Amino acid sequence: MVRMAKVGIKDIAAETGVSIATVSHALRNPDRVSDETRRRVLAAAEKAGYTPNRLAASLRTARSGNIVVIIPDITDSLNGKIISGIEDVARERGYSVLLGNTRGSVKREREFAAMTLSRQADGIILMSHRVPFAASSRDLAAEELPPMVNGCEDCGIAGVPLIAVDDRKAAADATEHLLSLGHREIAVITGDMESASSRNRLEGFRQAMAAAALPLNDSWIACGRYLPEDGEKAARQLMMQKDRPTAIFCFSDEMALGCMHALKEQGFGVPDDVSVMGFDGIPFARYASPPLTTIAQPTERIGAVCATTLLDMIEGKPPETERNYLPHELVVRERTSPID
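What comes next concerns the included structure.

Quick notes on the rules
- Residues numbered from 1 in each chain as written.
- Predicted model: local features only at pLDDT ≥ 70, side-chain atom pairs only at ≥ 80, totals over all residues.
- Heavy atoms only, no water.
- Helix = DSSP H or I, 4+ residues; strand = E, 2+ residues; numbered from the N terminus.
- Expected span 1.5 Å × (residues − 1).
- Buried < 20%, exposed > 50% of the residue type's maximum accessible area, 1.4 Å probe, protein only.
- Salt bridge = Lys/Arg side-chain N within 4 Å of Asp/Glu carboxyl O.
- Pairing = 2+ DSSP bridges.
- Axes fitted to C-alpha atoms, helices over the stretch in contact; angles between N-to-C directions.
- Contact = heavy atoms within 4.5 Å.
- Polar contact = N/O pair within 3.5 Å; in protein donor to acceptor, adjacent residues only side chain to side chain.
- Parallel < 35°, antiparallel > 145°, perpendicular 65-115°, else oblique.
- Left-handed = near helix turned anticlockwise from the far one by under 90°.
- Nonpolar A, V, L, I, M, F, W, Y, C, P; charged D, E, K, R; others polar.

## Some points on helix H7 (residues 167–180)
End to end, H7 covers 20 Å across 14 residues, agreeing with the expected 20 Å (1.5 Å per residue, within 8%). Residues of H7 that are buried: Asp 167, Ala 170, Ala 171, Ala 172, Asp 173, Ala 174, Thr 175, His 177, Leu 178 and Leu 179. Count one or two residues on from H7 and you reach Gly 182, which has phi positive near 95°.

Written out as structure tokens, the structure is:
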């Protein structure tokens, strides 16, 4: 017997010449597309014999009262406040929160995501750039998945809402602060470059440097994983170079703390010899000696909006936007200073 290939939402998008997200809206939220677009999509779907994912649809009606938060590292200082914001909203609306601490494991990500397929959870808040389903799941659309929201990281699936700060703009603001102090030799310590947040922060840094007509020194771009030990290791490497930066912009506060530890051990004063800039606004940043200048994320608010958006989706209310950027704050403290 010949098995016919299943027609998916991607095929409908290719047939009609519109985006996957538009097809998803035409099928699920017709008020968000024009009547003409909806007619074209429905006609193409009928012609191709498309049938929606019944399991995903059933998950929206047979509720467990649980949501699962898939998070790479529950001990990360940034994540505690986000989880608090999620839990506050979930509790108010009668849901329980299941924390999926994956420790960066793809296998564990998929195990926690499978809780929605077995109806142990009604939806997912994803704090990772990886899609926690099949290896080819980046080709999926939101319509083919259980309700899912991205928190801080973007998994790259059209139709899955993102709640985060604007990482490009935030990184540009951080860089412009260092430039305003007279720094021109600025190094960066990035996070994992598979992460959308890290790529966007690097782009924001590059844009600010280009706007100031300053060249980039590729040897001053070090990669980490948002961990303190990465900041420590990268700082040692940066300061061993013949040409040393006068400022280091770390893409997380935890890396900045590791960076400052290494600078101190190498005999460099902060900020007298090297200014250090962080990102996140974790509580420990203000207690560094001297306190760390940083970009603060509204962590509890991010968690609350993630939970509100996901629970609305579970209960049949589509999100108003797929990109919900919350305001960040430049917090100037004593780890940055004007260059002599």
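Now that the structure is up, let's keep going.
## A short note on the pattern of salt bridges
The tally for this structure, following the rule as stated, stands at 14 salt bridges. Across the pair Arg 130 and Glu 109 runs a salt bridge, and its minimum N-O distance is 2.9 Å. Separated by 21 residues along the polypeptide, Arg 130 in the loop between strand S3 (124–126) and strand S4 (148–151) and Glu 109 in helix H6 (residues 106–117) bring together distant segments of the chain. Take Arg 130: its relative accessible area is 24%, and that puts it in the partly exposed class. For Glu 109, a relative accessible area of 2% translates into the label buried.

## Comments concerning the sheet that holds strand S5 (residues 162–165)
Strand pairs in the sheet, formed through backbone hydrogen bonds, run parallel or antiparallel to each other. What the six strands build is an open sheet, ordered S2-S1-S3-S4-S5-S11; its pairing is parallel. With one partner strand each, in any of the chains shown, strand S2 (96–101) and strand S11 (323–326) form the two edges of the open sheet. When the angles between neighbouring strand axes are averaged without regard to direction, this sheet yields 20°. In this structure, S3 lies alongside S4, joined through three bridges in parallel fashion. Among the inter-strand pairings, Leu 126 is bridged to a residue of S4, identified as Asn 150. Strands strand S1 (66–71), S2 and S3 of the sheet are contacted by helix H5 (residues 79–92), whose axis makes an angle of about 170° with S1. Sheet strands in contact with helix H11 (residues 299–314) are S1, S3, S4, S5 and S11, and its direction is about 170° off that of S4.

## A short note on the side chain of His 183
Looking at where His 183 falls in the secondary structure, it is placed in the loop between H7 and strand S6 (186–190). Take His 183: its relative accessible area is 2%, and that puts it in the buried class. A distance of 2.8 Å separates the side chain of His 183 from the side chain of Thr 246, its partner in a polar contact. A polar side-chain atom of His 183 sits 3.2 Å from a polar atom in the side chain of Ser 275. In this structure, His 183 is in contact with Leu 178, Thr 246, Ala 247, Ser 275, Ser 337 and Ile 339, ignoring residues within four places of it in sequence.

## A few points about the sheet that holds strand S8 (residues 247–250)
In spatial order, the strands read S7-S6-S8-S9; together these four strands make up an open sheet with parallel pairing. Every interior strand has two partners, whereas the edge strands, strand S7 (221–223) and strand S9 (275–277), have only one. If you compare each strand with its neighbour and ignore which way they point, the axes differ by 20° on average. Strands in contact with H7 are S6, S8 and S9; relative to S8, the strand with the most contacts, it is inclined by about 165°. Helix H8 (residues 196–211) rests against S6, S7 and S8 of the sheet, and its axis sits at about 170° to S6.

## Points about the packing of H5 against H11
Where H5 meets H11, the closest approach of the two axes is 6 Å, and the angle between their N-to-C directions is 40°. Of the possible angle classes, the one that applies to H5 and H11 is oblique. Seen along the crossing, H5 lies across H11 with a hand that is right-handed. For the pair formed by H5 and H11, the contact residues are Lys 81, Ile 82, Ser 84, Gly 85, Ile 86, Asp 88, Val 89 and Ala 90 on the first element and Thr 299, Glu 300, Gly 303, Ala 304, Ala 307, Thr 308 and Leu 311 on the second. A breakdown of the residues in the contact of H5 with H11 according to their chemical character gives seven nonpolar, five polar and three charged.

## What to know about the environment of Thr 294
Topologically, Thr 294 is positioned in strand S10 (residues 294–296). Between the alpha carbons of Thr 294 and Val 276 there is a distance of 8.8 Å; along the sequence they are 18 residues apart. If sequence neighbours within four positions are ignored, Thr 294 has contacts with Asp 253, Met 277, Gly 278, Phe 279, Asp 280, Gly 281, Glu 329, Leu 330, Val 331 and Arg 333. A polar contact is formed between the side chain of Thr 294 and the side chain of Asp 253, at a distance of 2.6 Å. At 3.5 Å, the side chain of Thr 294 and the backbone nitrogen of Asp 280 are in polar contact.

## Structural notes on H8
Its 16 residues place the ends of H8 22 Å apart at the C-alpha level, agreeing with the 22 Å of an ideal helix rising 1.5 Å per residue. Inspection of H8 places Ala 196, Ser 197, Ser 198, Asn 200, Arg 201, Leu 202, Gly 204, Phe 205, Ala 208 and Met 209 among the buried residues, and these make up the whole buried set. Next to the buried residues of H8 lie H7, S6, S7 and S8. In the stretch just after H8, Ala 213 is the one whose phi turns positive, near 60°.

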